[in-house]
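Chains, contacts and geometry: an overview
One letter stands for each residue in the lines below.
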Amino acid sequence: MHPKVFRDELAAAAEWVADYLGQITQRPVARPIPTAHRQALATGALPQEGQDLGALLEFVDEAIAPYPTGNGHPAFFAWINSPPSPAGVIAELLATAVNATCGMGEHALMDLERGVVRDLASLAGMAPTTGGVLTSGGSMANLLCLGAARTWFLRRHGATDGPAYDQAHARLTAYHSDQAHMSVAKAATVIGLPPWRLRAVPTTADQRMDIDALQAMVDADLASGLLPFCVVSNLGSTAGGAVDPIEAITQVCRGQGMWHHADGAWGGLGALVPQLAPLYRGVSDLDSLTIDPHKTLSVPVGCGAALVTDPSRLRDAFTFRASYLDGDQDWPWMSDYTIELTRPGTRALTLWATLRQLGRSGVVDLLQHYQDLAHYLRQRVQEQPGLELCNDGPLPVVCFRLTADTINPDRRADLHKAVAARIQARGHAYLATVSHDGETVLRACVCNYLTTTDDVDTLLQEVHSAIHHVRNV
Ligand SMILES: *Cc1c(COP(=O)(O)O)cnc(C)c1O
């Protein structure tokens, strides 16, 4: 490619990006992708001859950008997806140009990754020894931490190979609450822990893990000759925003020689918010913590982090040698902490750029912003006749439903689904449903730095108009 063409196209792309992000509020939050378009995209049709670069921008503008999930828009309240931080968007491009393969050898971005991992750990309130690795997201971070926990436990039991390993491995059990993210079960399966040795501990009315139930399950497993090795707690459950009792769980873990991993993919930084801080006491005693900077921090997707208080435990699990790769004793390669070898440097630079622009106080303000808007939404829901709250946080996710007196209880789940679908189709706001105490209800999560009280008001207007519409069809 001619350097001049590259420069011009790059400049045009930069213009496009600034326009797209600058005008995002003027577009529909999301819009359904026409079936023919989906098919065309999904079919794949590589032309024989290469095309000119200009066609790329046109393609993105016409075929991709009009059909987002919606998470760039301030009236998007579904799931836990944020818009990209401006610093992250620029950093992503820069890091792509540098094209680091942050797994082996030396690269400044690999050292920067060590630095931002420490920054994240410090923001979360973890012990100063904490290290770890950036990942594609929370699912991968949960997998790495469970892998590290398993290796650590088997080593401590002298069951590192042969029949001792097989026998011990076949008796491992782990625990999470019935509100855990499904990625925990996925991770357990990948490390060879089948679903029937992964226990879902019941929760109390506030959706937090029931400690007595946990202890009873662990005791029962020990009594039947099993080997409890890990408890996964929630720092911000996905469905309802619950934070498990960290210190009490750590105590149970210490009593039995178990690893305490906390899944804080979404809520892992909650200790920074003054009114949440008491719930996060004990984070410094965790063995490991998952955080997803691509959720609350708006780092472009995909950036997660596996933080481990003694990072050598990740290395024990994931260091493998090969003649074609000669590791570094003093500065272990990042591939020694994870499954990936050739790894992108975009995660480190986008996270660094985002954090640097925010500063510590900016991170606190951002999290507080989500809390304040969720509080506003809760208040508004409570004021509305015909609506009621189902949960009380503490994190910024608001579950609500139509009151029982306004609607036939048998129809309630269908109605909630229809309301969400109607709102999604109209494109003025976006929210999803979730199962709450076995019932399908509406769920709005605040995770967007652009969202204001006006967007919350729009959401409620949309809820009302959707209720009116689905009742009358
Ligand atoms: C989102 C989420 C995950 C999964 O993270 P991904 O980045 O989507 O892989 C895991 N746990 C919790 C609590 C989450 O909210």
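By convention here, each chain's residues receive numbers from 1 onward along its written sequence. Note on the predicted model: pLDDT of at least 70 is required for a residue's local features to be given, and 80 or more for side-chain atom pairs to be given and counted; whole-chain, interface and lining totals, by contrast, use all residues. The basis for every side-chain value is the complete set of heavy atoms in the structure, and neither hydrogens nor water enter the calculation.

Quick word on the overall build of the protein chain
Helix and strand assignments follow DSSP, with helices taken as H or I runs no shorter than four residues and strands as E runs no shorter than two, numbered in order from the N terminus. A count of helices and strands for the protein chain gives 14 helices and 11 strands. Here the C-alpha coordinates of the protein chain stretch approximately 70 × 65 × 45 Å along the principal axes. We call a residue buried when its accessible area falls under 20% of the maximum for its residue type, exposed when it is over 50%, and partly exposed in between, using a 1.4 Å probe and counting protein chains only. Classification of the 473 residues of the protein chain by burial places 51% in the buried group. A contact between two residues is defined here by any heavy atoms of the two lying within 4.5 Å. Considering only contacts in the protein chain between residues 6 or more positions apart, those separated by 24 or more positions represent 72%. Here the Shrake-Rupley method, with its probe set to 1.4 Å, supplies the accessible areas, and only the displayed protein chains count as covering residues. Here the protein chain has roughly 21500 Å² of accessible surface; of this, 54% comes from carbon and sulfur atoms. Only four residue types enter the tally: Lys and Arg on the positive side, Asp and Glu on the negative side; His and the chain ends are excluded. Taken as the charge location is NZ of Lys, CZ of Arg, CG of Asp or CD of Glu. Here the protein chain holds 35 positive side-chain charges and 49 negative ones, and the gap between their average locations is 3 Å.

Some points on the site of the ligand
Close to the ligand lie 15 residues, the nearest being Gly 138, Ser 139, Asp 263, Asp 292 and Lys 295. The separation between an oxygen atom of the ligand and a polar side-chain atom of His 294 is 2.8 Å. Pairs of N or O atoms are called polar contacts if they sit within 3.5 Å, as long as, within protein, a hydrogen donor faces a hydrogen acceptor (for residues adjacent in sequence, only side-chain-to-side-chain pairs). Contacts to the ligand include Lys 295, whose side-chain N or O atom sits 2.8 Å from an oxygen atom. Taking 380 Å² as the accessible area of the ligand by itself, protein coverage stands at 85%. For the shell around the ligand, the element with the highest residue contribution is helix α6 (residues 138-156), accounting for 3 residues. In terms of residue class, the shell around the ligand is built from 3 nonpolar, 9 polar and 3 charged. The criterion for a residue being near a molecule or strand is simple. One of its heavy atoms has to lie within 4 Å of it. All amino acids are sorted into three groups, where Ala, Val, Leu, Ile, Met, Phe, Trp, Tyr, Cys and Pro are nonpolar, Asp, Glu, Lys and Arg are charged, and the leftover types, Gly among them, are polar.

A closer look at the packing of aromatic side chains
Each aromatic ring pair is summarised here by two numbers: the centre-to-centre distance and the angle between the ring planes. Two aromatic rings from Phe, Tyr or Trp, using only the six-membered ring of Trp, form a pair when their centres are within 6.5 Å; if the ring planes differ by under 30 degrees the pair is stacked, by over 60 it is edge-to-face, and anything between is tilted. In this structure the tally under the stated criterion is 7 aromatic pairs. Taking the centre distance of 6.0 Å and the plane angle of 55 degrees together, the rings of Phe 76 and Trp 79 count as tilted. Judged by relative accessible area, Trp 79 falls into the partly exposed class, the value being 39%. With 5.7 Å between their ring centres and 55 degrees between their planes, Trp 79 and Tyr 430 make a pair best called tilted. Of this pair, Trp 79 sits in the loop between α3 (54-64) and α4 (86-98) while Tyr 430 sits in the loop between α13 (412-426) and β10 (432-436), and the two are 351 residues apart along the sequence. An aromatic cluster is present here, built from Trp 152, Phe 153, Phe 229 and Trp 259 joined pairwise through their rings.

So, the sheet that holds β10
One key point about sheets: their strands pair by backbone hydrogen bonds, in either a parallel or an antiparallel sense. Two strands qualify as a pair provided DSSP detects at least 2 bridges between them. The sheet built from 4 strands is open, its strands ordered β8-β9-β11-β10 with antiparallel pairing. Both edges of this open sheet fall to β8 (387-389) and β10, since each of them pairs with a single strand only. Ignoring strand direction, the axes of neighbouring strands in this sheet form an average angle of 45 degrees. When strand β9 (residues 397-402) meets strand β11 (residues 439-445), the two strands line up antiparallel, connected through 4 bridges. For Val 397, the partnering residue across the bridge sits in β11 and is Cys 445. Where α13 meets the sheet, it contacts β8, β9, β10 and β11, and its direction lies at approximately 30 degrees from that of β11. Between N-to-C directions, angles span 0 to 180 degrees; the directions come from axes that are lines fitted to C-alpha atoms, helices contributing only their stretch in contact.

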